[in-house]
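# Analysis of the macromolecular model
Letter by letter, the chains look like this.
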Amino acid sequence: MPVLTNIGILYTCAYEGGQAEAHPIKNAAIVWEKDKIEWVGRETDLPDQYQHEEAVDANGGMVIPGLVECHTHLAFGGWRADEYELRSLGRPYIEIAKAGGGILSTVRATRAASEDELVEKSLGHLQEMKKLGITTVECKSGYGLNKDDEIKLLNVYRRLDVMQPLDIISTFLGAHMVPPEYADKRADYITLLIKEMIPYVADNQLAQFCDIFIEETAFTIDEAYTILSNALDYGLMLKLHVDQLSAGGGAELAAELGAVSADHLEYVSEKGILSMANTGVVAVSLPLASFYLRQPAIPARKLIEAGVDVAVSTDFNPGSAPSYHLPYAMTLACTLQHMSPAEVLKGATINAAKALSMHGDIGSLEAGKRADFAIIDAPSVNQWLYNFRGNQCTAVWKDGIQIV
Ligand code: NIG
Ligand code: FE
């Protein structure tokens, strides 16, 4: 039974106490048995029974729960650096999308890529994410937009889950946009989603969640209601991309349908905030997307004050958020979203786990939970997220096994 000792400070990130309470313990120790945590506390309080177990030295570092990345579009063909140049010079994201670029340009590249090519490229990203202290990654489809290519993406995630140590949680995002071949018959695409794609994904357990993009260029509230109600009937949990580029009543719909999370929310309404608070929908903030698209930040303070749990994630994708660097997103969340580093740490651990409905199992360092944790070379969470450096993570354990 290994014991990690000589921990300068450990943040348990237990859910209790609200967003700002990260539960720091100075001079801590952590004991685990196989993949589960046995004991966490001050090293001086280490029970006798663990005194002679194999000790691992944390060298005075900071220990946090393995970071939970709860919103990515991990597998995609190509990149869109040419669009980034245009956007940098002032061309709006939505205008590029309306001209057939944006998501649809990645759909073309993803359809052209083989499953093996997508596995190899995504595996490279996961290997880098692991080094940052990330131990769980949610991955969306949504760049296939036909049955075969959506299934190809979900198969990529299924393969990645077994070939590397990070946990992969898959989300079906066939309702990311209406593909060009259905531009004049969108009702037929919705029928395809409802009658064929969602049943296939659910029956073959290819995803746990169903997601949708509600926006002028994507789906309407009424269409979303139809698609998501169907997904619920098939036992999928719900996530929604809402209120990102304009206010659209998406947060209210997420609450009405009992979604696990509503993501983006830069333009969430007061009513949307209240309805999320009343129904326990997690707000997933994506500061890299707000930053790259020059959108106003999510009103995190209003959400927190209303009692909504705020998670922090990258939204890693080739368009709006071309970086998988979660600690960078966390620093942006402090600065742009007016969240304290401790609030952000809970946002990327226990609240992100809640956004995956996995908070009973991961996201905090408590007895009985999975032994997923990382050592960070910093004296406190404040110093870590303030003095931003390339990577301050020095070691990572996933399910009790050291992977970095
Ligand atoms: O989460 N909002 C919709 N979808 C992605 C963007 C995808 C892209 O630009 O390729 C997002 O921001
Ligand atoms: Fe997204």
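The preceding data block contains the structure.
This write-up is about the structure you can find in this document. Quick caveat: nothing in here was measured; it's all calculated off a predicted structure.

Turning next to the overall build of the protein. Helix and strand content of the protein: 15 helices and 16 strands. On the principal axes, the C-alpha backbone points of the protein span a range of 70 × 45 × 45 Å. By the burial criterion, 61% of the 404 residues in the protein qualify as buried. Nonlocal contacts in the protein, meaning residues at least 24 apart in sequence, comprise 71% of its contacts between residues at least 6 apart.

So, on to the sheet that holds strand 8 (residues 167-175). Strand order in the open sheet made by the eight strands is 6-7-8-9-10-11-12-13, with parallel pairing throughout. Each having just a single partner strand, strand 6 (67-69) and strand 13 (310-312) make up the two edges of the open sheet. Recorded for the sheet is a direction-independent mean angle of 25° between the axes of neighbouring strands. The pairing of strand 6 with strand 7 (residues 134-140) spans three bridges and is classified as parallel. Each residue of the ladder has a partner; that of Glu 69, found in strand 7, is Val 137.

Viewed as axis vectors pointing N to C, helix 4 (residues 115-131) and helix 5 (residues 147-163) meet at an angle of 50°, and their least axial separation amounts to 9 Å. Classified by the interaxial angle, the pair formed by helix 4 and helix 5 is oblique. Between helix 4 and helix 5 lies a crossing of right-handed hand. Together, Glu 115, Asp 116, Leu 118, Val 119, Ser 122, Leu 123 and Leu 126 of helix 4 and Lys 152, Leu 153, Asn 155, Val 156, Arg 159, Leu 160 and Met 163 of helix 5 make up the contact between the two elements. When its residues are assigned to classes, the contact of helix 4 with helix 5 shows eight nonpolar, two polar and four charged.

Turning our eyes to something else, we now look at the pattern of salt bridges. Applying the stated criterion across every chain, the model contains 24 salt bridges. Close ionic contact of Glu 128 with Lys 131 constitutes a salt bridge, the shortest N to O distance being 3.0 Å. One end of the pair, Glu 128, and the other, Lys 131, are both in helix 4, three residues apart, so they sit about a helical turn from each other. Residue class for Glu 128 comes out partly exposed when judged on its relative accessible area of 32%. Residue Lys 131 is classed as partly exposed on the basis of its relative accessible area, which comes to 37%.

Moving on to the site of ligand 1. Near ligand 1 you find 15 residues, and of these Tyr 93, Tyr 143, His 176, Gln 244 and Ser 320 are the closest. In the complex, the protein chains occlude 100% of the 320 Å² of accessible area that ligand 1 would expose alone.

Following the criterion strictly, the structure yields twelve aromatic pairs and no others. Taking the centre distance of 6.4 Å and the plane angle of 85° together, the rings of Phe 291 and Tyr 328 count as edge-to-face. Here Phe 291, found in helix 10 (residues 287-292), pairs with Tyr 328, found in helix 12 (residues 326-337); they are 37 residues apart in sequence, far enough to count as distant. Given the relative accessible area of 38%, Phe 291 is considered partly exposed. We classify Tyr 328 as partly exposed; its relative accessible area is 22%. Residues Tyr 328 and Phe 388 carry aromatic rings whose centres are separated by 5.4 Å and whose planes lie at 40° to one another, so their mutual orientation is tilted. Separated by 60 residues along the polypeptide, Tyr 328 in helix 12 and Phe 388 in the loop between helix 15 (381-386) and strand 15 (393-398) bring together distant segments of the chain. Over the ring of Phe 219 we find Arg 186; its NZ or CZ atom is 5.7 Å from the centre of that ring. A cation over a ring is seen here: Lys 239 above Phe 209, with NZ or CZ 5.0 Å from the ring centre.

Quick look at the coordination of the iron ion (ligand 2) now. Distances from the iron ion (ligand 2) to its protein donors, His 71 (NE2), His 73 (NE2), His 241 (NE2) and Asp 315 (OD), fall within 2.1 to 2.2 Å. What makes His 241 buried here is its relative accessible area of 3%.

A few words now on the packing of helix 5 against helix 6 (residues 186-203). Contact geometry for helix 5 and helix 6: axes closest at 10 Å, N-to-C directions at 25°. Considering the angle they form, helix 5 stands roughly parallel to helix 6. In the packing of helix 5 onto helix 6, the handedness of the crossing is right-handed. Where helix 5 approaches helix 6, its residues Lys 147, Glu 150, Ile 151 and Leu 154 are matched on the opposing element by Glu 196, Met 197, Tyr 200 and Val 201. Of the residues in the contact of helix 5 with helix 6, the class split is five nonpolar, no polar and three charged.

All right, on to the pairing of strand 7 then. Across the seven residues of strand 7, seven count as buried, placing the element largely inside the fold. As judged from the five bridges shared by strand 7 and strand 8, these two strands associate in the parallel manner. By the bridge assignment for strand 8, Glu 138 is matched with Ile 169.

The rules behind each value
- Every chain is numbered independently, its residues counted from 1 as its sequence is written.
- The order in which chains are written sets their letters, starting at A; the order in which ligands are written sets their numbers, starting at 1.
- Confidence filtering applies because this is a predicted model: local features only for residues at pLDDT of at least 70, side-chain atom pairs given and counted only at 80 or more, and all residues used for totals across whole chains, interfaces and linings.
- Hydrogens and waters are ignored; side-chain quantities use all the structure's heavy atoms.
- Here a helix means four or more residues in a row that DSSP labels H or I, a strand means two or more in a row labelled E, and each is numbered from the N terminus.
- Partly exposed describes any residue whose relative accessible area lies between the buried limit of under 20% and the exposed limit of over 50%, with all areas from a 1.4 Å probe on protein chains only and scaled to the type maximum.
- Only heavy atoms enter the contact rule, under which two residues are in contact if any of them lie within 4.5 Å.
- Pairing between strands is defined by DSSP: at least two bridges between the two strands are required.
- Simply put, an axis is a line fit to the C-alpha atoms, just over the touching stretch for a helix, and the angle between two N-to-C directions goes from 0 to 180 degrees.
- Any angle that falls under 35 degrees is termed roughly parallel, while one over 145 is termed roughly antiparallel, one within 65 to 115 roughly perpendicular, and all others oblique.
- Helix crossings are classified by the rotation of the near helix relative to the far one: an anticlockwise turn of less than a right angle makes the crossing left-handed, while a clockwise turn makes it right-handed.
- Each residue is assigned to one of three groups, with Ala, Val, Leu, Ile, Met, Phe, Trp, Tyr, Cys and Pro labelled nonpolar, Asp, Glu, Lys and Arg labelled charged, and all others, Gly among them, labelled polar.
- Counted as salt bridges are all cases of a side-chain nitrogen of Lys or Arg within 4 Å of a carboxyl oxygen of Asp or Glu.
- Residue proximity to a molecule or strand is established when one non-hydrogen atom of the residue lies within 4 Å of it.
- Only the protein chains shown count as cover for residues, and all accessible areas are computed by the Shrake-Rupley method using a 1.4 Å probe.
- Any two of the Phe, Tyr and Trp rings considered here, Trp counted by its six-membered ring, make a pair once their centres fall within 6.5 Å; the pair's planes then place it as stacked at under 30 degrees, edge-to-face at over 60, or tilted in between.
- Counted as over-ring charges are cases with an Arg CZ or a Lys NZ within 6 Å of the ring centre that also lie within 35 degrees of the ring normal.
- Any N, O or S atom lying within 2.8 Å of the metal counts as a donor, and for Na, K and Ca the limit rises to 3.2 Å; water is left out, so some sites can look incomplete.

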